[in-house]
Amino acid sequence: MIQLSTTNSVPDPGHSCCTASVHSAAPHAVRAAPVSTGSAKPAHEEIHIPSGTYMMGDGFGEGYPNDGESPAHEVRLDTFVMDVTAVTNEKFAAFVADTGFSTEAETFGSSAVFHLLSTARKQDVLGVAAGAPWWLNIRGADWAHPTGPDSRWEDVADHPVVHVSHNDALAYCQWAGRRLPTEAEWEYAARGGLQGKRYAWGNELTPQGEHQCNIWQGTFPTINTADDGYLGTAPVKSFPANGYGLFEVAGNVWEWCADWFLPKYYRNSPAENPKGPTIGAGRVMRGGSYLCHDSYCNRYRVAARTSNTPESSSGNCGFRTVAL
Ligand SMILES: [Ca+2]
Ligand SMILES: [Ca+2]
């Protein structure tokens, strides 16, 4: 079940820094809908995003060609209502408590933890991700045990939930009466009303020397000075909100979007409320994570995109939701 790295080849910076795939098959092709036992559902703090038109994609020519960030193209969106933060461990715990839902990582029995964050014993390190040896496949790592079997979500209750697959995110949404944002909605919201900027707050990474997001400082993947305050995930609302009042769209954790991922999609996509291609090898992820670094993965830019297979989970990917 584990893709062990067997070569010393240089990892493809296109994906392997960002996304981990330590499982080779989905345990559930079709998953049962979560059944509520009637517990109260947590309220989502949310913001109205106004309808409008924007240039979606990379206008700077800075994206990895294989990511398909270009061409930048005009997109028009209807209004929608979005969570101001990623879904936290506390909220996900309420979902699990109400439904008894078991995530895919729990079904697999393991998930991907970044090597500097692992608290697991040696015997619980089952292998490493192919081409990305900094991703350890840790037995007993899951949303409730984010860094290894002895870690507890209660200790990071206000951090974004991680180790959730796209399928798990959809199950949460179904329970909560929410949905995932489309990729076009996500980027539009993340731009915060700014037009054609590199980041969610402007064109400078650290205006006045101030960190605007939780990414990597130092030498990836071995030395992280954590100058921004965080080696791994940060609590939600740790960094300034963007122009729409959304927190941590850049960095901290990747966020699943509804769309399938096809690099060529922008070449010929609808201008009105695009919903992504009908097929793809994986699901879109947006925003970058605490592992992004300019030298290796500058995907904290607002146009940046990547993907992973729908059953994959890792310690740096979560989601935020949109009202139905
Ligand atoms: Ca950091
Ligand atoms: Ca994020």
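Source: prediction; values computed, not measured.

1. A look at the overall build of the protein chain
Then step 1. Summing up its helical and strand segments, the protein chain has four helices and 15 strands in all.
Then step 2. In terms of C-alpha radius of gyration, the protein chain reaches 18 Å, essentially the compact-globule figure of 20 Å for 324 residues.
Then step 3. Dimensions of the protein chain along its principal axes, counting C-alpha atoms only, are 50 × 50 × 40 Å.
Then step 4. Looking at the protein chain residue by residue over its 324 residues, the buried ones come to 49%.
Then step 5. Across the protein chain, contacts joining residues at least 24 apart in sequence account for 76% of those joining residues at least 6 apart.

2. A short note on unusual backbone geometry
Then step 1. A cis geometry characterises the amide bond from Ser70 onward to Pro71, with omega recorded as 5°.
Then step 2. Note that Pro71 resides in the loop between strand S2 (52-56) and strand S3 (73-77).
Then step 3. Of the consecutive residues Phe220 and Pro221, the connecting peptide bond is found in the cis state with omega at 0°.
Then step 4. If you trace the backbone, Pro221 turns up in the loop between strand S9 (218-219) and strand S10 (223-224).
Then step 5. The backbone phi angle of Lys237 is positive, close to 70°, even though this residue is not glycine.
Then step 6. Locating Lys237 in the fold gives a position in the loop between S10 and strand S11 (254-261).

3. A short note on the sheet that holds strand S14 (residues 317-318)
Then step 1. Strands sit in the order S13-S12-S11-S14 across an open sheet of four strands; the sheet is mixed. The open sheet has two free edges, formed respectively by strand S13 (305-308) and S14, since each of these has just one partner strand.
Then step 2. Relative to S14, S11 is paired through two bridges, and the arrangement is parallel. Bridge pairing links Trp254 to Cys317 in S14.

4. Quick look at the sheet that holds strand S6 (residues 125-129)
Then step 1. Pairing is antiparallel in the open sheet, where three strands are placed in the order S5-S7-S6. Strands at the two margins of the open sheet, each flanked by one partner only, are strand S5 (110-114) and S6. Averaged over all neighbouring strand pairs, the angle between strand axes comes to 35°, with direction disregarded.
Then step 2. Across four bridges, the pairing between S6 and strand S7 (residues 132-139) is antiparallel. What sits directly across from Val128, in S7, is Leu136.

5. As for the nonpolar core
Then step 1. Residues Trp135, Trp143, Ala169, Tyr172, Leu180 and Ala189 are the most contacted members of the largest nonpolar core, which totals 81 residues.
Then step 2. Broken down by element, the residue count for this core peaks at six residues, all from helix H3 (residues 166-176).
Then step 3. With residues near it in sequence (within four places) discarded, Ala189 still touches Ile49, Met82, Pro181, Tyr244 and Leu246.

6. A word on the UniProt feature "domain: Sulfatase-modifying factor enzyme-like" (unreviewed entry) in the protein chain
Then step 1. Mapped onto the present numbering, the UniProt feature "domain: Sulfatase-modifying factor enzyme-like" (unreviewed entry) falls on residues 44-322.
Then step 2. The span residues 44-322 carries 13% helix and 22% strand; its end-to-end C-alpha distance comes to 9 Å.

7. Remarks on the environment of Ser313
Then step 1. By the secondary structure assignment, Ser313 is in the loop between S13 and S14.
Then step 2. Through-space distance from the C-alpha of Ser313 to that of Ser21 is 7.4 Å; in sequence the pair is 292 residues apart.
Then step 3. Not counting residues within four places of it along the chain, the set of residues in contact with Ser313 comprises Thr103, Glu104, Ala105, Ser111, Ala112, His163, Val164 and Ser165.

8. Section: the environment of Trp201
Then step 1. In this fold, Trp201 is placed in the loop between helix H4 (183-191) and S9.
Then step 2. Separated by 41 residues in sequence, Trp201 and Asn242 have C-alpha atoms that sit 6.0 Å apart.
Then step 3. Residues contacting Trp201, with those up to four places away along its chain left out, are Gln212 and Asn242.

9. What about the environment of Ala132?
Then step 1. The residue Ala132 is located in strand S7 in this model.
Then step 2. Counting along the chain gives 89 residues from Ala132 to Pro221, while the straight-line C-alpha distance between them is 9.7 Å.

10. Comments concerning H4
Then step 1. For H4, a buried count of nine out of nine residues is recorded, marking the element as mostly surrounded by other parts of the structure.
Then step 2. Positive backbone phi, approximately 65°, marks Gly192, located one or two places after H4.

11. A word on the packing of helix H1 (residues 89-99) against H3
Then step 1. As a packed pair, H1 and H3 sit with axes 11 Å apart at the nearest point and diverge in direction by 75°. Taken together, the axes of H1 and H3 lie roughly perpendicular to each other. On H3, the residues that touch Phe92, Phe95 and Thr99 of H1 are Tyr172, Trp175 and Ala176.
Then step 2. Residue classes in the contact of H1 with H3 are distributed as five nonpolar, one polar and no charged.

Reading guide: rules and limits
- Along each chain, numbering runs from 1 in the same order as the chain's sequence is written.
- Written order determines the labels here, with chains lettered from A and ligands numbered from 1.
- Thresholds applied to this predicted model are a pLDDT of at least 70 for local features of residues and 80 or more for the giving and counting of side-chain atom pairs; totals over whole chains, interfaces and linings are not thresholded and use all residues.
- Note on conventions: DSSP H or I runs of at least 4 residues are helices, E runs of at least 2 residues are strands, and numbering of each starts at the N terminus.
- Atoms counted for the radius of gyration: C-alpha only. Globule rule: 2.2 Å times the number of residues to the power 0.38.
- Using C-beta atoms placed from the backbone, we call a residue buried if 20 or more other C-beta atoms fall within 10 Å of its own, exposed if 12 or fewer do, and partly exposed for counts in between.
- Contact criterion: two residues are in contact if their C-beta atoms, reconstructed from the backbone, are within 7 Å.
- If DSSP finds at least two bridges between two strands, the strands pair.
- Simply put, an axis is a line fit to the C-alpha atoms, just over the touching stretch for a helix, and the angle between two N-to-C directions goes from 0 to 180 degrees.
- Buried Ala, Val, Leu, Ile, Met, Phe, Trp, Tyr and Cys residues form a nonpolar core when they are connected through C-beta atoms within 7 Å.
- UniProt positions are given in the numbering used here, feature names are shortened, and annotations may be inferred rather than shown by experiment.
- Orientation is classified from the angle alone, with under 35 degrees giving roughly parallel, over 145 giving roughly antiparallel, 65 to 115 giving roughly perpendicular, and any other angle giving oblique.
- Gly counts as polar in this scheme, as do all residues outside two lists: the nonpolar Ala, Val, Leu, Ile, Met, Phe, Trp, Tyr, Cys and Pro, and the charged Asp, Glu, Lys and Arg.

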